[in-house]
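This is what each chain is made of:
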Number of protein chains: 2
Amino acid sequence: MPPVTVTTASGATWQEVAADRQRHRDVTIASLESPPPKLLTNDVPLNTTGIPKSVLTAEDLDITERNVEDLASKLASGEWSAKKVIQAFMRRACLAQQLTNCVTELLPEEALKRAAELDDHLASTGKPVGPLHGVPISVKEHIGIKGHDLNGGFVSWVGRVAEEDALILQILRDAGAVFYVRTTQPQTLMHLETSNNLYGTTVNPHNTTLTAGGSSGGEGALVGIRGSVLGIGTDIGGSIRSPAANNGVFGFKPTALRLPVGGWTATMAGSDHIVGTIGPLSTSLEGVSLFVRTILRARPWLREPSLVPVPWKDEDQLGEEEGERRKLRVGVIWDDGVVRPHPPVAAALSRVVEKLKGSDEVEIVDWECWEHNLAWEIIVCYGIPLHFRILERLMLCVWIQCYEFSEFGPNYISLTEEPKKRRPFTPLGNHCYPYRNGFSSITHTYENTLRPCDSLLVNIFRIPTLWQAQQERDAYRTSYAALWNERAVDVILCPAGPGVAPKLGTARYWGYTSQWNLLNYPAIVFPTGVKVGGTQEEGDKAHEYPADYKPMSEADGYNYGLWNERGVEGYAGAPVSLQLVGRMYEDEKLLRALKTLLNAAGLANTC
Amino acid sequence: MPPVTVTTASGATWQEVAADRQRHRDVTIASLESPPPKLLTNDVPLNTTGIPKSVLTAEDLDITERNVEDLASKLASGEWSAKKVIQAFMRRACLAQQLTNCVTELLPEEALKRAAELDDHLASTGKPVGPLHGVPISVKEHIGIKGHDLNGGFVSWVGRVAEEDALILQILRDAGAVFYVRTTQPQTLMHLETSNNLYGTTVNPHNTTLTAGGSSGGEGALVGIRGSVLGIGTDIGGSIRSPAANNGVFGFKPTALRLPVGGWTATMAGSDHIVGTIGPLSTSLEGVSLFVRTILRARPWLREPSLVPVPWKDEDQLGEEEGERRKLRVGVIWDDGVVRPHPPVAAALSRVVEKLKGSDEVEIVDWECWEHNLAWEIIVCYGIPLHFRILERLMLCVWIQCYEFSEFGPNYISLTEEPKKRRPFTPLGNHCYPYRNGFSSITHTYENTLRPCDSLLVNIFRIPTLWQAQQERDAYRTSYAALWNERAVDVILCPAGPGVAPKLGTARYWGYTSQWNLLNYPAIVFPTGVKVGGTQEEGDKAHEYPADYKPMSEADGYNYGLWNERGVEGYAGAPVSLQLVGRMYEDEKLLRALKTLLNAAGLANTC
């Protein structure tokens, strides 16, 4: 690849930098062998997921409609060459880019070289190099690839080049994976949508008026349209699960500090207060498991010492009694007491729970979040759920870091003198933060003071403020652990968000996902097979908002309005997903529990 | 116990508060059955360790000269009652207080009540309640005990009362432990000595002109004179190991986040950048092992969710190949490239290494810290070892917290208007910080600005500063992990400090202990059986500083001066200890390695 030369540091405007990055992306796509045809915008319906069938060759379709486990098997046996597989996925990714704007660059050169090595290895030894031999994996852009730009979605970071591959890529490559495409993320990484000044907005393939989610929105859209069947995202408040849920695929946020993050870039680097995680999005549950298993078996903690040395467990699991064979005990959260989920989500949850109640393998209990429980009182303070107040403050600290080191902060000042040249906030950036409709005076202080280049903000939050919030975080985690000890569930089943994929620019409520980052619980999002407006929606009227509905919070009122304005038609085609949550470090148990649950509910473990 | 009423909040001066705390301590001591006689100051030699023999009864001596493993056995069998054992230790602790000023209060009421319960249980069931049935354990004051004052060594915190027992105490009590005495700590907890405005200074029983070390200095002195054979300390930069080394006992700092810390109090609460640890000081290696084993078997991570769920391992260990039986590979650090250890330490290290070289069980390699190694270059920057620069900055953040929330900070202002009433810094407090002879301009900025009530300081270090330092910390840890992967040692043998117990007010260099906090490696200090001025010092002239010695750093020059001024006579009687360090989370392997090493070197695993 050519060296990066167009940067703000070398005097270019932000528009010139963005144009150059897009040009680079298009060059990598144009270099493909037999790329798919350019589509005319007029030809494309809101739901784009049927288009690959009409455009790709039968062979490419056959390959890209398989899931990780099938691909791995055919690749390991040599039935399909790594080269053939990777070319099919590159072509489908190229199509995905046209339909959803999810790609920052293709990597045909490296991918074909690696595929050739793998094919040679299999031919000469008769053995695959590892459990992921030839499996194509897509990668969110801010996870570094040696020799490639590592801009993290910031105009001002274009020109930074990764000096080596992120550790997780090294491990996956050693296991046989082939990296072939890099995907988009939002400005600051701190949105549940995906839009930045470099590449614009990534949309949802199921309905292009909706967001693909974020921050791993490029992965979400790409996997959603099967331009990838296994991708790597990152999650500090919902950034794997939001795009997975919005696009109807599996998305797993492991317990923090199990999978290696060395070599990613983010403005929150160095912060410990809520630790970001890395994890897979996949079209199958087995794709998720294989990903995690492969990495943990490489004992990454010996190379990245912040990781905890908890090996992958095939059988026994923390907290499970030996030899005990009992029903899977599932706690259900119907709503979180702050924002009621939209009707399609409530209906899907209800349907799944009804099926589970009829199963011999599962026991259902309500997980009462807020009321009727003395142990819970500790987290409600000043009439505001404490977890929100803590999250707000901790997340604001992240935002400060964004401000400080991004194009809005002091770096920006040094690059240009004229206010006119200032790079704009994206729409959600302009809202500053999805919590702007939040609950505490801190948020309001923050909103009133945040202006580009306003250095006042960074002095509001000092180290003692952070540590105080961390004490509250720890106390909250301890209370929740006590609750879990008392209730003794195996997993919690709950919504994946306050609705299906939101309309662009409206994804403001993080609570259904960020709750589990605050607690550091592993959580996986899965598709229910239902889509908004589909035939299965019959009989779900009971879950509509009543005519006299009264919002239970400001955020709930906002969310209610989003449904009320658009209804079923507005979200037509959007997949309805749910979330399963496990206890800290019980990642393997969670994945096994989901398999049991899907089976008991009559749902597929692929999509 | 009577309610605490004399506090600065209720209008008392700091002198009145201190006098009341000391009165309370003396009342608890006076309530003992058959307390030992009051000693006349004139009668007491510098080395006080022989005094118990001449003052205690034969039975009390017999009991208190036993180690944890013997006591546990005799208590479990009922040969000795819990009541008899705890009374003997309370009397010896009372003597220790007279000789070293190490006690903040005795707990005769609770201890005798618990002992009676245990004796009844054994009489009625024939079984001990757990592995620590009746074993006396001493506790550093800032670890909360329900209903007792929890001042953390700050005058302004007197009157805070713990609402429940610290989690570690709950677990140990369930295993049969009896808590009978609380011990001193320094102002701010951030010194390797022990002195505060409430209780004055704790001295070393082996030579009362020397420090007992800190911050767990009360424990160090108490265990050093066998007023306890198992005590609980805490360590964020050397605070278990410094007092253990200075007093010639075993002291173990586990990997952080293995043992529970819930219920302790400290100004650095809520900080994550260098995580403090809790751990044992004991007169035997088995006392250390039993302590850790008992706690981990209670699965504390289910109650304190910040802990990592790594169970106690009896056999296999991370990084050890299955079935492999090979020599223990020990890397030796002779000096850290910053400060050369005093001659007695260098001589002891040399003697131990020579013996190990003659053993079939051990393989010795030099661990080159700084030179001749390309991998190491990354940590040297601007001519300054990076680990120092990082530590400095991280520790300064701790100091800010001390300032903010202690009697020097805003709280102080609200309590008194007159400068005359200001509570003084202790001698080391006046030096602000043991790193004042440090290396970077940050330290100098800090020194020039720190004045009581000067709020400027707290604005110097902001959240981005902290996160930047944390990124450097993580990079350093990763480099060190790579080094360990390459060199493949099992453990590192090194000095426990830059000398034996320092003269009061001179313990400024933390590097030999804080290095392992920065890396989060488990480390244990052990006695070599040698004392300064003892007969074994013959033949050690080779380790004296040469006449033309040139200090290798400012800190080295200071340390050299400490020896040069006083020599053997100045430190007479001080035990010479060393340190063994393991890899992160390999705590059990480290303890097993020390057993092997002591055996190979002909050293005792008790003291």
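Basis of the calculations
- Residues numbered from 1 in each chain as written.
- Chains lettered and ligands numbered in written order.
- Predicted model: local features only at pLDDT ≥ 70, side-chain atom pairs only at ≥ 80, totals over all residues.
- Heavy atoms only, no water.
- Helix = DSSP H or I, 4+ residues; strand = E, 2+ residues; numbered from the N terminus.
- Expected span 1.5 Å × (residues − 1).
- Bend = angle between axes of the 7 residues up to and from the residue.
- Buried < 20%, exposed > 50% of the residue type's maximum accessible area, 1.4 Å probe, protein only.
- Contact = heavy atoms within 4.5 Å.
- Pairing = 2+ DSSP bridges.
- Axes fitted to C-alpha atoms, helices over the stretch in contact; angles between N-to-C directions.
- Phe/Tyr/Trp six-rings, centres within 6.5 Å; stacked < 30°, edge-to-face > 60°.
- UniProt positions renumbered as here; feature names shortened; annotations may be inferred.
- Polar contact = N/O pair within 3.5 Å; in protein donor to acceptor, adjacent residues only side chain to side chain.
- Salt bridge = Lys/Arg side-chain N within 4 Å of Asp/Glu carboxyl O.
- Core = buried A, V, L, I, M, F, W, Y, C linked by side-chain atoms within 4.5 Å.
- Domains from an automatic or database assignment.

Give me the lowdown on helix 19 (residues 554-570) of chain B, citing residues and values where you can.
At 3.6 residues per turn, the α-helix brings residues three or four places apart onto the same side. Residues and elements named next belong to chain B. Here helix 19 is 17 residues long and its end C-alpha atoms lie 22 Å apart, about the 24 Å a rise of 1.5 Å per residue gives. The principal kink in helix 19, of about 50°, is found at N564. Residues of helix 19 that are buried include every one of A555, D556, N559, Y560, G561, L562, W563, G567 and G570, and no others. Packing partners of the buried residues in helix 19 comprise strand 7 (207-211) and helix 11 (343-357).

Could you give an account of the side chain of T104 of chain A, naming the residues involved and the relevant values?
Residues and elements named next belong to chain A. Inspection of the secondary structure puts T104 in strand 1 (residues 103-106). Here T104 falls in the buried class, since its relative accessible area comes to 3%. Discounting chain neighbours no more than four positions away, the residues touching T104 are R25, E141, R182, T183, T184 and Y199.

Could you give an account of the sheet that holds strand 17 (residues 575-581) of chain A, with specific residues and numbers?
All names here are of chain A. An order of 1-3-2-8-10-9-16-17-15-11-12 is seen for the eleven strands of this open sheet, with the pairing classed as mixed. Edge positions in the sheet fall to strand 1 and strand 12 (362-366), since each has one partner strand and no second. Neighbour-to-neighbour, the strand axes of this sheet turn through a mean angle of 25°, independent of strand direction. In the sheet, strand 2 (residues 136-140) pairs with strand 3 (residues 178-183) via five bridges, with the strands oriented parallel. By the bridge assignment, S138 is partnered in strand 3 with V181. Against the sheet, helix 11 (residues 343-357) engages strand 11 (328-332), strand 12, strand 15 (491-495), strand 16 (523-531) and strand 17, with an angle of about 55° to strand 17. Its contacts with the sheet place helix 17 (residues 511-519) against strand 8 (230-235), strand 9 (250-253), strand 15, strand 16 and strand 17, and it is angled at close to 20° to strand 17.

So what's going on with the packing of aromatic side chains? Residues and values would help.
Residue and element names in this part refer to chain B. Tallied over the full model, the rule gives 28 aromatic pairs over all chains. Seen in terms of ring centroids, W367 and W484 are 5.5 Å apart; in terms of plane orientation they differ by 55°. Their pairing is tilted. Of the two residues, W367 is situated in the loop between strand 12 (362-366) and strand 13 (380-381) and W484 in helix 17 (residues 463-487); the sequence distance between them amounts to 117 residues. With respect to class, W367 is no different from W484; both count as buried. With 6.2 Å between their ring centres and 15° between their planes, W516 and Y521 make a pair best called stacked.

For the UniProt feature "binding site: substrate" (unreviewed entry) in chain A, give the residues involved together with the corresponding values.
Residue and element names in this part refer to chain A. Using the residue numbers shown here, the UniProt feature "binding site: substrate" (unreviewed entry) corresponds to L189, S215, I236, G237, G238 and S239. A maximum C-alpha distance of 10.8 Å among these annotated residues, which run over 51 residues, shows that they cluster at one spot. Position of S215 among the secondary structure elements: in the loop between strand 7 (207-211) and helix 8 (217-224). Excluding its chain neighbours within four sequence positions, the residues that come into contact with S215 are K140, T184, Q185, P186, L189, H191, E193, T194, T234 and S239. Side chain to side chain, S215 and K140 meet in a polar contact 2.6 Å long. Along the polypeptide, G237 turns up in the loop between strand 8 and helix 9 (241-247).

A description of unusual backbone geometry should follow, citing residues and the corresponding values.
Negative phi characterises most residues that are not glycine, and trans characterises most peptide bonds. All names here are of chain A. Between G214 and the following residue, S215, the backbone shows a cis peptide bond with an omega angle of 0°. Positive phi values are uncommon outside glycine, yet A488 reaches one of about 50°. Secondary-structure assignment places A488 in the loop between helix 16 (463-487) and strand 15. Relative accessible area serves as the criterion here: at 43%, A488 is assigned to the partly exposed category.

Go over the sheet that holds strand 11 (residues 328-332) of chain B with me, naming the residues and quoting the values.
All names here are of chain B. Here we have eleven strands laid out as an open sheet, ordered 1-3-2-8-10-9-16-17-15-11-12, and mixed in their pairing. Looking at which strands have only one partner, the edges of the open sheet turn out to be strand 1 (103-106) and strand 12. Strand-to-strand twist of the sheet, defined as the mean angle between neighbouring strand axes without regard to direction, takes the value 25°. In the sheet, strand 16 (residues 523-531) pairs with strand 17 (residues 575-581) via six bridges, with the strands oriented antiparallel. By the bridge assignment for strand 17, I524 is matched with L580. Each of strand 11, strand 12, strand 15 (491-495), strand 16 and strand 17 touches helix 11; the most contacted strand, strand 17, lies at about 55° to it.

I'd like a description of the pattern of salt bridges, backed by residues and values.
One pass over the full model with this rule turns up 46 salt bridges over all chains. Residue E586 of chain B is joined to K589 of chain B by a salt bridge in which the shortest nitrogen-to-oxygen separation is 3.5 Å. Both residues of the pair, E586 of chain B and K589 of chain B, belong to the buried class. In the salt-bridge network here, residues are joined through shared partners; they are D20, R21, R23 and D149 of chain A.

Give me the lowdown on the nonpolar core, citing residues and values where you can.
Grouped together as the largest cluster of nonpolar side chains are 108 residues, with contacts concentrated most on L172, L493, F526 and L580 of chain B. For this core, the element with the highest residue contribution is helix 5 (residues 82-100) of chain B, accounting for eleven residues. Split by domain, this core shows at least three residues from each of two domains, domain 1 (14-302) and domain 2 (328-367 + 489-518 + 539-600) of chain B. Not counting chain neighbours up to four residues away, the residues in contact with L580 of chain B comprise V491, I492, L493, P522, A523, I524, F526, L590, A593, L594 and L597 of chain B. Of all hydrophobic cores here, the second largest spans 107 residues; its members include C102, L167, F291 and L598 of chain A.

How would you sum up the side chain of T48 of chain A? Please name residues and give values.
Residue and element names in this part refer to chain A. Relative to the elements of secondary structure, T48 occurs in the loop between helix 1 (14-30) and helix 2 (51-55). What makes T48 buried here is its relative accessible area of 0%. If we ignore the near neighbours within four places in the chain, the residues touching T48 are L99, P205, T208 and I225.

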